[in-house]
Amino acid sequence: MLGDIVGACGRQSVAQLVPQIHEQYKPDVVLANAENTANGSGLTPDQYRKLCKAGIDGMTLGDHALRKREIFSILQDETNIIRPGNLPEGAPGKGWMAVQPQDENLPPVYVMIVLGNMFMGLNANDPFASVDRMMAQLPRTADDNAIILVEMHAETTSEKQAMGWHLNGKVSAVFGSHTHVPTADACLLPDAKQAKRKTAFISDLGMCGGHESVIGRRVEPVLTHLRTGVYMAFDVADRDPRINGIVIDIDEATGSATGIERFTMHADRNKPPFMA
Ligand SMILES: [Fe+2]
Ligand SMILES: [Fe+2]
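In this report, the structure presented in the accompanying data block is examined. Within any chain, residue numbers begin from 1 and follow the written order of that chain's sequence. Just so you know, chain letters begin at A and ligand numbers begin at 1, following the order they were written in. With the structure being a predicted model, the display of local features is reserved for residues of pLDDT at least 70 and the display and counting of side-chain atom pairs for 80 or more, all residues being used for whole-chain, interface and lining totals. The side-chain values count all of the structure's non-hydrogen atoms but skip hydrogen atoms and water molecules.

1. Describing the coordination of the iron ion (ligand 2)
Thought 1: For the iron ion (ligand 2), every protein donor is listed as Glu 35 (OE), Asp 63 (OD), His 153 (NE2) and His 178 (ND1), and the spread of their distances is 2.1 Å.
Thought 2: Bound by four donor atoms, the iron ion (ligand 2) shows angles of 85 to 144° at the metal and therefore irregular coordination geometry.
Thought 3: Donor selection uses N, O and S atoms within 2.8 Å of the metal (3.2 Å for Na, K and Ca). Since no water is included, sites may look incomplete. Here the donor residues of the iron ion (ligand 2) share one chain and are spaced in sequence as E-x27-D-x89-H-x24-H.
Thought 4: Separating the iron ion (ligand 2) from the iron ion (ligand 1) is a distance of 3.3 Å, and Glu 35 supplies a donor atom to each of them. Taken together, the residues span a long stretch of sequence, with Glu 35 in the loop between β2 (31–33) and α2 (45–54) and Asp 63 in the loop between β3 (58–60) and α3 (72–77) at a distance of 28 residues.
Thought 5: A relative accessible area of 1% places Glu 35 in the buried class. Every geometry call rests on angle ranges, with four donors termed tetrahedral when all angles are between 85 and 135 degrees, four termed square planar and six termed octahedral when opposite donors are over 155 degrees apart and all others are between 65 and 115, and everything else termed irregular. By the criteria applied, helices consist of DSSP H or I runs no shorter than four residues and strands consist of E runs no shorter than two, each listed in order from the N terminus. To sort residues, take the accessible area from a 1.4 Å probe on protein chains only and compare it with the maximum for the residue type: under 20% means buried, over 50% means exposed, and anything in between is partly exposed.

2. Concerning the coordination of the iron ion (ligand 1)
Each angle at a metal carrying four tetrahedral donors should ideally be 109.5 degrees, and each at a metal carrying six octahedral donors should ideally be 90 or 180 degrees.
Thought 1: Around the iron ion (ligand 1), the donor atoms from the protein are Asp 4 (OD), Glu 35 (OE), Asn 36 (OD1) and His 180 (NE2), and they sit 2.0 to 2.2 Å away.
Thought 2: With four donor atoms in place around the iron ion (ligand 1) and angles of 88 to 171° between them, the coordination shape is irregular.
Thought 3: In primary sequence terms, the donor set of the iron ion (ligand 1) follows D-x30-E-N-x143-H.
Thought 4: For Asp 4, a relative accessible area of 0% puts it in the buried group.

3. Examining the packing of aromatic side chains
Thought 1: Side-chain rings of Phe, Tyr and Trp, where Trp is taken by its six-membered ring, are said to pair if the distance between their centres is within 6.5 Å; with planes under 30 degrees apart they count as stacked, over 60 as edge-to-face, and otherwise as tilted. This structure, assessed with the given rule, holds two aromatic pairs.
Thought 2: Aromatic side chains Tyr 25 and Phe 263 sit 5.3 Å apart centroid to centroid with 35° between the ring planes, which places their arrangement in the tilted category. One end of the pair, Tyr 25, is in helix α1 (residues 7–25); the other, Phe 263, is in strand β13 (residues 256–266), with 238 residues separating them in the sequence. No difference in accessibility class separates Tyr 25 from Phe 263, as the two residues are buried.

4. Focus on the pairing of strand β6 (residues 109–115)
Thought 1: Here β6 lies mainly inside the structure; seven of its seven residues are buried.
Thought 2: Side chains of β6 alternate between two faces, with Val 109, Val 111, Ile 113 and Leu 115 and Tyr 110, Met 112 and Val 114 buried alike.
Thought 3: A pair of strands is labelled paired if DSSP reports no fewer than 2 bridges between them. Taken together, the four bridges between strand β5 (residues 96–99) and β6 define a ladder with antiparallel strand orientation. Considered in β6, the bridge of Val 99 is made with Val 109.
Thought 4: One ladder, built from seven bridges, connects β6 with strand β7 (residues 147–153); its direction is parallel. Directly across from Val 111, in β7, lies its bridge partner Leu 149.

5. What about the environment of Asn 125?
Thought 1: On the secondary structure map, Asn 125 appears in the loop between β6 and α4 (127–137).
Thought 2: Sequence spacing of Asn 125 and His 225 is 100 residues, and the spatial spacing of their C-alpha atoms is 31 Å.
Thought 3: Residue contacts follow a heavy-atom distance rule, with two residues in contact if any of their heavy atoms lie within 4.5 Å. Setting aside its immediate chain neighbours within four residues, Asn 125 contacts Asn 86, Leu 87, Pro 88, Asn 117 and Ser 130.
Thought 4: N or O atoms within 3.5 Å of each other form a polar contact, as long as, within protein, one can give a hydrogen and the other can take it, and as long as residues adjacent in sequence are counted only when both atoms are side-chain atoms. A distance of 3.5 Å separates a polar atom in the side chain of Asn 125 from the backbone oxygen of Leu 87.

6. Things to note about helix α6 (residues 219–228)
Thought 1: Inspection of α6 places Pro 221, Val 222 and His 225 among the buried residues, and these make up the whole buried set. Along the long axis of α6, the arc covered by the buried residues comes to 100°, so they all point the same way.
Thought 2: The positive-phi residue at the C-terminal boundary of α6 is Gly 229, with phi of around 85°. What the arc covers is the set of directions going from the helix axis to the C-beta atoms.

7. Regarding the sheet that holds β5
Thought 1: Spatially, the six strands line up as an open sheet ordered β5-β6-β7-β8-β10-β9, and their pairing is mixed. Strand pairing shows two members of the sheet lacking a second neighbour, β5 and β9 (187–188), which therefore form its edges.
Thought 2: Relative to strand β8 (residues 173–177), β7 runs parallel, the two being bridged by five bridges. Within β8, the residue paired with Glu 151 across the bridge is Phe 175.
Thought 3: In this description, a line fitted to the C-alpha atoms serves as the axis of each element, helices being fitted only across the stretch in contact, and the angle between N-to-C directions of two axes falls anywhere from 0 to 180 degrees. In the packing of α4 onto the sheet, the strands contacted are β5, β6 and β7, and the crossing angle to β6 comes to about 155°.

8. A closer look at the side chain of His 225
Thought 1: Turning to its location among the elements, His 225 is positioned in helix α6.
Thought 2: Among residues more than four places away in sequence, those in contact with His 225 are Val 230, Tyr 231, Met 232 and Phe 234.

9. Things to note about a nonpolar patch on the surface
Thought 1: Exposure above 30% relative accessible area and no salt bridge define the residues that can form patches, which grow by joining like charges within 9 Å and nonpolar side chains of Val, Leu, Ile, Met, Phe, Trp and Tyr within 5 Å. Accessibility throughout is a Shrake-Rupley quantity obtained with a 1.4 Å probe, and a residue counts as covered only by protein chains that appear here. Any Lys or Arg side-chain nitrogen found within 4 Å of a carboxyl oxygen on Asp or Glu counts as a salt bridge. On the surface, Val 181, Val 214 and Ile 215 cluster together into a nonpolar patch covering about 230 Å² of accessible area.
Thought 2: Along the polypeptide, Ile 215 turns up in the loop between β11 (207–210) and α6.

Below, the structure is given as C-alpha cells:
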C-alpha cells in the first residue's frame, strides 16, 4: 500500500518503482492512495488508467476524491477504485471494494476508506459508524476470516490511532493517510480480547512525490503564503522523488496480519519515465 501520489513527480516515481516493489516484496496486491495525483488535487480518468497500467491493482481517494468531475463515472463503474465511505449520502462512487489478487487461489482483499473529522473541512459522517456499516455490507464478514484493510484518511494521529483500536482484532490492517509524512509506529496491535486475528497498524503511510517540499508542494509558495497571507498557487514539487508505503503480510487462511514493514524507495529523476 502506497501513500498519497502527489502530482507528476508522484506518478512518475510510482511508475518507475512499482517493478522494484514486485522484485523486492513480491506482493499479491499493490494499492495506492491517488487523491493528489492530478497536480496535487484529485485524479483524472487518464491518470487512473495509467496507474492501473503501471501495476496499481486498487486505488483509494481521500478528501480530494471529488475534485475532478471527469472521474465520477469511473468511481461509479470501476471496481478497483473507492472514495471515503463516510461522504454525504449523495456522493458518487463507493466506500469499499474487493480487489482480487492475480493468483485466483487467493481470497479477495476488501479495502475501505473513511475520512477523519478533525480539521478536515468536509461534511463527513462519523467514520467509526461508517466503517461498522461497511463491514456489515461485505460479502464475507470479519468472523469469516475475510482479509479487510481499512484506510483512515485523517489529519490527526489521535483519530487514526483510535480507529486502529476500534478495529483491533476485527480487520487485517488499519493504516492512515492524508498527512503525507510517514510515521514510525508500524506494528501489530496487541491482542484484542479473544480476537482470532492480529491487526497491523500505522498512523501514516507518507506520500509518493517530491520530498524537497511541504507535503509534496514546492516550498517557496507555501512559505510565502504562510508568512504574508497572500494566496499562492501551490504547485507540486519535483525534487527528491520518493515513494513511501507499507508491506503487510497476511495469513490468507485466517485474515490475520503476521507482519507490517514500512518502506521508502528513492526514484531517479535521470531515468524514465522522468525523461519523457
Ligand atoms: Fe493527500
Ligand atoms: Fe487528503
